[in-house]
Amino acid sequence: MTAGRVEPGAPPAATPRPDSDAGSSYPPVEPGYPADGTGGRDGGAGAVDGRGPEPRAVVRVSSPTELRNPRSLDLDLMSVRDVLKVINEDDRRVPAAVTKVLDEIAVAVELAVTALRAGRRVHYFGAGTSGRLGVLDAAELAPTFNTPDRWFCAHLAGGPDAMWRAVEDAEDDETGGAEEARDCVSPGDLVVGLAASGRTPYVLGALGAATGLGADTVLICADPGAVAARSVTVFIGVETGPEVVTGSTRMKAATAQKLVLNGFSTAVMVRLGRVYSNLMIDMVATNAKLRGRMISILVEATDCTEEVAQHALTEADGDLKAALVSLLSGAAVADARAALDRSANQVRGAIALLAG
């Protein structure tokens, strides 16, 4: 099963029908399918021999994200300015909550570094907003740090089309999550589950299957008391509390997951030598602004002139890291490249080799 993968070269998924419980979506509802969620042209989803729809499964989640927030009880009576103030004041609680799980994030970073250095992969599994954040984080790593496509693989319940609209019952498909993991995960990989409630079946199915395959697992959620904490290698439960709009985990829970993912993946890139000082030195210059940034990085890192930086980049055929090592060490570009190869692409290691 590959419908959940969202990465370059992943097979396309079939376009799903919209989920009637998901509210408005973009792109809009497809022609031929009613906006009321009755399921199409043939009399309604779930109809059995004309006897009406089958009962839909119902789950009442007890996660803290489902509780009512006492600070927003009168939200619909407030002015727009006061609504924004309440949201902003609640959002400020999120960084403090993330601070409390930095030790756990650090362990996850080391697991990811170990996996990638061994030629393995990091997988994100999620549904809804959580899954979309995983896709976003994975997508941003290639242009920012020039990561190989295979390093980070994002899996979204419902497949690529779920980036735009909720896919009916996709997050409840525990078997689908497990099958997706068995199809893509290898021993030694790291599998990161993203689930605001900590109980999403698709995510837990993937984590369980990954454990059975010999992969380390991480769960990032907004319920510090999630039962699944006992079944993963690293548990990151961020205590964000009730949402301003009850149950709307696209708000604080999602902000917390974005902060955790930002810190996690950036720290992994730093540990893998894709940052020198605080400069991104493996970036891909895909436009004029980024080509200018490469010049700025060389000037900042070496105190050379713009002309010297441009010449070094030209000599290195646009390879920023090789140009940087060449300028810092005084070595030829070819020698700089060889030193980088011998030092696992670490700038400081390459310079040390050239100095010795």
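**Q** Could you clarify how one ought to interpret the pairing of strand β2 (residues 122-126) in this entry?
**A** Most of β2 sits inside the fold, with five of its five residues counted as buried. What you see with β2 is no split at all: Val122, Tyr124 and Gly126 on one side and His123 and Phe125 on the other are buried throughout. As judged from the five bridges shared by β2 and strand β3 (residues 152-156), these two strands associate in the parallel manner. Residue Val122 lies in a different strand from β3, and its bridge partner there is Phe152. Once you follow β2 into helix α4 (residues 128-145) and on to β3, the crossover reads as right-handed. As defined by bridge partners, β2 adjoins strand β4 (residues 190-194) across five bridges and the pair is classed as parallel. Within β4, the position partnered with Tyr124 by the bridge is Val192.

**Q** Any chance you could explain the confidence of the model for the protein chain here in plain terms?
**A** Detailed reading of predicted coordinates is not advised where the pLDDT is low. When pLDDT is averaged along the protein chain, the result is 87; 83% of the residues meet or exceed 70. A low-confidence stretch, residues 12-48 (pLDDT under 50), is modelled with 56 contacts involving residues beyond four sequence positions or located in other chains.

**Q** Whenever I open this one, the pairing of β4 confuses me. Can you help?
**A** For a regular strand, side chains alternate in direction, first toward one face of the sheet and then toward the other. Of all the five residues making up β4, five are buried; the element is thus mostly covered by neighbouring parts of the structure. What you see with β4 is no split at all: Leu190, Val192 and Leu194 on one side and Val191 and Gly193 on the other are buried throughout. Judged from the five bridges that link them, β4 and strand β5 (residues 216-221) form a sheet pairing that is parallel. By the bridge assignment, Gly193 is partnered in β5 with Leu219. Where the polypeptide runs from β4 across helix α6 (residues 201-212) and back to β5, its parallel neighbour, the crossover connection is right-handed.

**Q** Explain the packing of helix α10 (residues 320-329) against helix α11 (residues 333-342) to me, please; I cannot follow it from the model alone.
**A** How two helices sit against one another is set out by the angle between their axes and by the gap between those axes. α11 packs onto α10 with a crossing angle of 110° between their chain directions and a minimal axis gap of 8 Å. In this view, α10 runs roughly perpendicular relative to α11, as classed from their interaxial angle. Every residue of α11 that contacts α10 at Lys321, Ala322, Val325 and Ser326 is listed here: Val333, Ala336, Arg337 and Leu340. Residue classes in the contact of α10 with α11 are distributed as five nonpolar, one polar and two charged.

**Q** Would you explain unusual backbone geometry in this entry?
**A** One can expect most non-glycine residues to show negative phi and most peptide bonds to be in trans. Positive phi outside glycine occurs at Asp303, with the angle close to 65°. With respect to the secondary-structure elements, Asp303 resides in the loop between α8 (288-302) and α9 (306-315). The phi dihedral of Asp317 is positive, around 55°, even though this residue is not glycine. Position of Asp317 among the secondary structure elements: in the loop between α9 and α10. Judged by its relative accessible area of 70%, Asp317 falls in the exposed class.

**Q** Can you help me understand helix α7 (residues 252-271) in this one?
**A** An α-helix turns once per 3.6 residues; consequently, residues spaced three or four apart project the same way. Between its terminal C-alpha atoms α7 stretches 28 Å, which fits the 28 Å expected from 20 residues at 1.5 Å a residue. The complete set of buried residues in α7 reads Lys252, Ala253, Ala254, Ala256, Gln257, Val260, Leu261, Phe264, Ser265, Val268 and Met269. After α7 finishes, the residue Gly273 shows a positive phi value of roughly 80°.

**Q** So what exactly am I meant to see when it comes to the pattern of salt bridges here?
**A** Between side chains of opposite charge, a pair can form as their charged atoms come close. Applying the stated criterion to the full structure yields eight salt bridges. Glu89 is the partner of Lys85 in a salt bridge, and the nearest nitrogen-oxygen pair spans 2.7 Å. One end of the pair, Lys85, and the other, Glu89, are both in helix α1 (residues 80-91), four residues apart, so they sit about a helical turn from each other. Asp319 is the partner of Arg337 in a salt bridge, and the nearest nitrogen-oxygen pair spans 3.6 Å. With a gap of 18 residues between them, Arg337 in helix α11 and Asp319 in the loop between α9 and α10 connect regions that are remote in the sequence. A relative accessible area of 31% places Arg337 in the partly exposed class. If you follow the salt bridges from partner to partner, you end up with Arg71, Asp90, Arg93 and Lys252 in one network.

About the cut-offs
- Residues numbered from 1 in each chain as written.
- Predicted model: local features only at pLDDT ≥ 70, side-chain atom pairs only at ≥ 80, totals over all residues.
- Heavy atoms only, no water.
- Buried < 20%, exposed > 50% of the residue type's maximum accessible area, 1.4 Å probe, protein only.
- Helix = DSSP H or I, 4+ residues; strand = E, 2+ residues; numbered from the N terminus.
- Pairing = 2+ DSSP bridges.
- Right-handed = clockwise from strand over helix to strand, strands pointing away.
- pLDDT = per-residue confidence, 0-100.
- Contact = heavy atoms within 4.5 Å.
- Axes fitted to C-alpha atoms, helices over the stretch in contact; angles between N-to-C directions.
- Parallel < 35°, antiparallel > 145°, perpendicular 65-115°, else oblique.
- Nonpolar A, V, L, I, M, F, W, Y, C, P; charged D, E, K, R; others polar.
- Expected span 1.5 Å × (residues − 1).
- Salt bridge = Lys/Arg side-chain N within 4 Å of Asp/Glu carboxyl O.

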